[in-house]
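Analysis of the macromolecular model
Read off the chains here:
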Amino acid sequence: MRQPIFTFFLLMVSAVGMAQLTQDELEQRKAKIQEEIIEKERMLQEVRSKEKSVTKLLALQKEKIGLKEKLINTTNKQARVLNDNMYLNQLEINKLKKELELLKKDYADMVLKSYKSRSQHSRAMFLLSSENFTQAYKRLQYMKQYSSYRKMQGQEIKDKSNALVNHYTTLTKQKEEKDKLLAEQQKQREDLEKERQEQEKIANSLKKDKKQIAAEIKKKQQESRKIDAQIQKLLREAIAEANRKAAAAKAKANPKTTTVAETKKIESSAKIVLTPEGKIIADNFKSNKGHLPWPVERGVITLGFGDQPHPVYKSIMVHNSGVDITTDTNASVRAVFKGEVSQIQRIGNKFAVLIKHGDYFTIYHNLATVTVSEGDNISAKQTLGKVKADADGKAVVRFMISQNATYINPTLWLNR
């Protein structure tokens, strides 16, 4: 019977510790989500004032609704953690009350017995009736211990009473905190409903002119494919240049053993043939997956990676080889990791910068100005240039990551 009780006690102690840690983590997560909601609202206001097409407005609205849902889920988790804490606190209160009742009863019985044998005469007779000195000494010690035990019991009753008061105070605070959370949760649900109504309103306005929206999407996709083709060309050139340097370095280091065939094989490879140093750089980049800083200080992803249905017309597919990040006008674009500037290319009236990290590349497109040069070794968060705003005043950076010439999802690599 003792083992299950001991196990239950351990679980309770662990649950309290974990619940506290989880509560702190949830509070941090909630603060982060609220920051993102504020940023999303700011972007929405900016788009409302500048955006002629409501497609972008709908995408931002969907992002904001997603954040609101995350906020509600986080608040729900906080409420559950608080409920668990209140339950454990109530268990401790019940336990303390039972222990206090037993202590008080035991103490009352002891006081009653002491009262009945309270006379100094009976105590003296108890000592004098001893058969020898040793027995008298033991009886004296017993009387002292009995008196000490009474004091100890009185102190224990006092301590447990104080502990009970503290637990009641904690429980009251927890109940107040829970009521506050529930009120906050209700407000969040009301806000979410308003956001959904706003989304429906935007979607309905979009449906009124499907042909125009479809034509806009088609035009933008054609432009996007042209840009992708040019960036693919840049990537192939960068790979060829890296392999040419690798072949030359190998021939210089081992002139007698490096054959012409080996040199041609390295130079003609469709992938970067990594040197030992290049492999270390690539491994370092790979180890930072999910922890890379954003290419802009502030911004939101307004178009994700890969093929995805249009937010209103599900039959229309939108393709993106990277992610589009809407940011502040004239914002600085920065490198997400240390590397070498491999290519800088003007595409239309905008610049694209390619940075090599071993056999990985990060690509930054839609720059108005560039502050680095090809061949520069740059550090993480170093400024590469300024983002270019379009005719409507929107500033959107297209950020891509590739391993050799194969695009990968940047969202999985950026720090969320």
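Scroll up for the structure.
Here's what I pulled together on the structure shown here. (Residues numbered from 1 in each chain as written. Predicted model: local features only at pLDDT ≥ 70, side-chain atom pairs only at ≥ 80, totals over all residues. Heavy atoms only, no water.)

Ranked by size, the top nonpolar core spans 31 residues in total, and within it L292, Y364 and F399 carry the most contacts. At the level of elements, α7 (276–287), β4 (323–327), β6 (339–347), β7 (350–357), β8 (360–370), β10 (383–387) and β11 (395–403) are the ones that each hand at least two residues to this core. If you tally residues by element for this core, the top one is β11, at four residues. Other than its neighbours up to four places away in sequence, Y364 contacts P295, V333, R334, A335, V336, F351, A352, V353, I355, L384, R398 and F399. Residues I227, I239, I363 and Y407 belong to the second largest nonpolar core, which totals 15 residues. (Core = buried A, V, L, I, M, F, W, Y, C linked by side-chain atoms within 4.5 Å. Buried < 20%, exposed > 50% of the residue type's maximum accessible area, 1.4 Å probe, protein only. Helix = DSSP H or I, 4+ residues; strand = E, 2+ residues; numbered from the N terminus. Contact = heavy atoms within 4.5 Å.)

Turning our attention to the packing of aromatic side chains. Tallied over the full model, the rule gives five aromatic pairs. For the pair F285 and F337, a centre-to-centre distance of 5.3 Å together with 85° between the ring planes defines the contact as edge-to-face. With a gap of 52 residues between them, F285 in helix α7 and F337 in the loop between β5 (332–334) and β6 connect regions that are remote in the sequence. Accessibility assignment for this pair places F285 and F337 in one class, buried. Consider the rings of Y360 and W413, whose centres lie 5.6 Å apart with planes at 55°: the pair is tilted. Residue Y360 is located in strand β8, and its partner W413 is located in the segment after β12 (406–408); the two are separated by 53 residues in the primary sequence. A connected cluster of aromatic rings, assembled from ring pairs, spans F285, F337, Y360 and W413. (Phe/Tyr/Trp six-rings, centres within 6.5 Å; stacked < 30°, edge-to-face > 60°.)

A word on the environment of V396. Tracing the backbone through its elements, the reader meets V396 in strand β11. For V396 and V323, which are 73 residues apart along the polypeptide, the C-alpha to C-alpha distance reads 9.8 Å. Among all residues touching V396, those that are not within four sequence positions of it are D324, I325, T326, H365, N366, V387 and K388.

Over its twelve residues, α7 extends 17 Å from the first C-alpha to the last, a length consistent with the 16 Å expected when each residue adds 1.5 Å. Taken as a whole, α7 has its buried residues at G278, A282 and F285. Across the axial projection of α7, the buried residues extend over an arc of 60°, all falling on one side. The exposed residues of α7 that point more than 90 degrees off its buried face are P276, E277, I280 and S287. (Expected span 1.5 Å × (residues − 1). Arc of directions from axis to C-beta.)

Keep in mind these values describe shape, not function.
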